[in-house]
Structures are given as structure tokens and as C-alpha cells.
Amino acid sequence: MPHEPGKVRLVGAGPGAADLLTVRALRAIEDAQALLYDALIADEVIALAPAACLKIQTGKRAGRPSLEQATINRLMLRLARRGLNVVRLKGGDPSIFGRVGEEAAFLHVHGIDTEVVPGVTAASAAAAQFGFPLTHRGEARRLLIATATTKAGALIDAGWAQAADAQTTVALYMGRDRLEAALAQLMAHGRSAATPALAVENAGRREARVLAGTVGDLGEVVTTAGLDGPVVLIVGEVTAQAAAAVAAPPILKAQA
Ligand code: SAH
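What you see is a predicted model, and the numbers here were worked out from it, not measured in a lab.

Draft legend 1. View of the site of the ligand. Neighbouring the ligand are 17 residues; Asp 93, Ile 96, Thr 121, Ala 203 and Val 231 lie closest to it. Within the backbone of Asp 93, a nitrogen or oxygen atom sits 2.8 Å from an oxygen atom of the ligand. In this structure, Thr 121 approaches the ligand through a side-chain N or O atom, which is 2.6 Å from an oxygen atom. For the ligand, whose free accessible area comes to 540 Å², the fraction covered by protein is 90%. Considering only residue class, the shell around the ligand consists of 12 nonpolar, 4 polar and 1 charged. Of the residues that make up the shell around the ligand, three or more belong to each of domain 1 (8-117) and domain 2 (122-253).

Here it is, written out as C-alpha cells:
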């Protein structure tokens, strides 16, 4: 008799530290028979899957190339059709720049049951770790989660005006290598050069680093520092509340 197809869970792994997983995410990982994970997933999270679980890395890591989205889709489908409990593990929250819509739609078309398990997104992890809020009464009434770059790596060329409002906190993802250009766009659209801003590398992890500056000078600080981990840029008055924690010298190790 053919198997009942398995379920695919699209699971947010949070920013890296295993204790920032939700309990639901942890249970899904512990029950996984096949685990497909992105490059940003920390080893301590992958280690929570059973030894017998088939583990497939789908993103660029340690020199290995990343799989095409179509290949990942086909793999999930094939594994689910074998009757396996599949976990597709993504960094942060799968609904934020995690292609969850594309993957869920593909699985749905093929009749596979899916479930999305949310996770702690990078901006939330950064705020918690470095002691500032993302919204603040009278100061930051909006949070704009945006990406700086297109699929091909070019700087996004539209939509910056929304980020110029002084009461908007901007969390910019996928912008590490284009930070100076992104900040220049913000200024060109009227965001004050004096607005405090932070670049947080490896947010939520023990090795997190934060670089503090302003919209006017943070780009150069980041370029000089040569960050190579994932970086989320947070722009807005709220980031000044982190100032005490990130006073000079500008690069401080996070408290574990
Ligand atoms: N779904 C993820 C985002 C995936 S896009 C989330 O919700 O966090 C990948 C981008 O996310 C990176 O380029 C970086 O900008 C950001 N990012 C992911 N993890 C991060 C971390 N631990 N610290 C800082 N930025 C991170």
C-alpha cells in the first residue's frame, strides 16, 4: 500500500541560539525524519534532530554551493511522499524573507499538508540583546522591516521614502554589503544624518557584535570593521537606548 504523504513543517529556527527556539519548533525538530536547513542555522540547533534523521543542508556553507529553490521544493515533495515528517528549517521567522509563501504554495499545489512554525526574527533578537525597543511611545510608532537588496544583490531602488519618517524604526535585512549605499538612500530621502543607528552582526548569538553610529557615519564604520556574519541594520531614535550598552569602543562583545 502506498504511504500517506508526510507533513512538511516550515519552521523558524530563530537567530541561532537553541534556547531562542519556540517549544513548538523544538518539538518539530525532535520529531523530524528529514531536516532541510538553511546556511544560517546554527549547529547547536541541527544537533537537536534525532541521529537517524536525514539532514540536508540547502544553503551556502563551508564552501558548498546552495541548492536551487526548485531543487529544494522537489526534495521536500519527494521526502513527504515517502511518508516522512519533514522539517524545513529557516533562520529567524520563516515569514520574513524566508520564501515561506513560495514553498507553502508549491507544497499545497501538490497536495502536501504544511504547517508554519514562527520564530524570533533578527530585529527582535537584536533589540532584546542590546537593550532597545523597536517601537517606543511618542518616538517610534512604526516598524518597517525591509530588505536592502534584490535577488541579484543590487540595492533596492524604490520605497526608501517610507523609511525616511522620523518616527519609523527601520530594520534592514540583507544589507551588510550595501550598507553605505543604503544609508545614503535614506539620507537622500530626508532621514536625518544624525539619526542613531546600529548594525548588529550575529544577533541572538553569543558571538554577536554591535556597531553603533548614525545614519551619516555608520556605513563607514561597518565597512572598516569588515563584518562577515549576518547583519541587521536598525535605524531610528530607539537605538539610542542601546547607547549605554554600546559606548566606545564601538565594537563590543555581547554579554553571553
Ligand atoms: N527569516 C530571517 C531573515 C532571512 S533573510 C529572520 O526572520 O531573521 C537573511 C538576513 O537576515 C541576513 O542577511 C541578515 O540581514 C538577517 N539575519 C538573519 N539572522 C541574523 C542574525 N542572527 N543577526 C543579524 N542579522 C540576521
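From this point on, the discussion continues.
Draft legend 2. Structural view of the pattern of salt bridges. Tallying each qualifying case throughout the model produces 9 salt bridges. Put simply, Lys 90 and Glu 103 hold a salt bridge, and the shortest N to O gap is 3.3 Å. Of this pair, Lys 90 sits in strand E4 (residues 86-90) while Glu 103 sits in helix H4 (residues 100-109), and the two are 13 residues apart along the sequence. Three or more residues are tied together by salt bridges with common partners; here these are Asp 38, Arg 88, Lys 90 and Glu 103.

Draft legend 3. Looking closely at unusual backbone geometry. One non-glycine residue, Arg 99, adopts positive backbone phi at about 55°. Within the secondary structure, Arg 99 is located in the loop between E4 and H4. With a phi angle near 55°, Asn 202 is a residue other than glycine that sits in the positive phi range. Inspection of the secondary structure puts Asn 202 in the loop between strand E8 (196-201) and strand E9 (209-214).

Draft legend 4. Geometry of the domain arrangement of the chain. Per the domain assignment, the segments of the chain are domain 1 (8-117) and domain 2 (122-253). Distance from the C-alpha centre of domain 1 to the C-alpha centre of domain 2: 28 Å. The interface is formed by 11 residues belonging to domain 1 together with 12 residues belonging to domain 2. Roughly 810 Å² is buried in total at the junction of domain 1 and domain 2, and carbon and sulfur atoms are behind 66% of that figure. At the junction of domain 1 with domain 2, the criterion picks out 1 salt bridge. Note that Arg 206 and Glu 44 form a salt bridge whose closest N and O atoms lie 3.5 Å from each other. Between domain 1 and domain 2 we count 3 residue pairs in polar contact (both at pLDDT 80 or more) in total. The class makeup of the residues in the side of domain 1 that touches domain 2 is 8 nonpolar, 1 polar and 2 charged.

Draft legend 5. Region of the structure containing the side chain of Arg 205. As for its placement among the helices and strands, Arg 205 is situated in the loop between E8 and E9. The buried charged residue Arg 205 lacks any salt bridge partner; its closest oppositely charged side chain belongs to Glu 207, at an N-O distance of 4.1 Å.

Draft legend 6. Geometry of the confidence of the model for the chain. The predicted model of the chain has a mean per-residue pLDDT of 92, with 92% of residues at 70 or higher. Overall, residues 247-256 carries pLDDT values under 50, and its contacts beyond four positions in sequence, including any with other chains, amount to 19 contacts.

Draft legend 7. Fine view of the pairing of E8. A large share of E8 lies buried, amounting to 6 of its 6 residues. Going residue by residue along E8, you find Pro 196, Leu 198 and Val 200 tucked away on one face and Ala 197, Ala 199 and Glu 201 tucked away on the opposite face as well. Pairing of E8 with E9 involves 6 bridges; the strand directions are antiparallel. Within the sheet, the bridge partner assigned to Val 200 lies in E9 and is Val 210. Bridging between E8 and strand E10 (residues 231-235) involves 5 bridges; their strand directions are antiparallel. Bridge assignment links Ala 199 to a residue of E10, and that residue is Leu 233.

What counts and how
Residues numbered from 1 in each chain as written. Predicted model: local features only at pLDDT ≥ 70, side-chain atom pairs only at ≥ 80, totals over all residues. Heavy atoms only, no water. Near = heavy atom within 4 Å. Polar contact = N/O pair within 3.5 Å; in protein donor to acceptor, adjacent residues only side chain to side chain. Areas by Shrake-Rupley, 256 points an atom, 1.4 Å probe, with all protein chains shown as cover. Nonpolar A, V, L, I, M, F, W, Y, C, P; charged D, E, K, R; others polar. Domains from an automatic or database assignment. Salt bridge = Lys/Arg side-chain N within 4 Å of Asp/Glu carboxyl O. Helix = DSSP H or I, 4+ residues; strand = E, 2+ residues; numbered from the N terminus. Contact = heavy atoms within 4.5 Å. Buried area = accessible area lost by both parts, 1.4 Å probe. Buried < 20%, exposed > 50% of the residue type's maximum accessible area, 1.4 Å probe, protein only. Lys, Arg positive; Asp, Glu negative; His and termini not counted. pLDDT = per-residue confidence, 0-100. Pairing = 2+ DSSP bridges.

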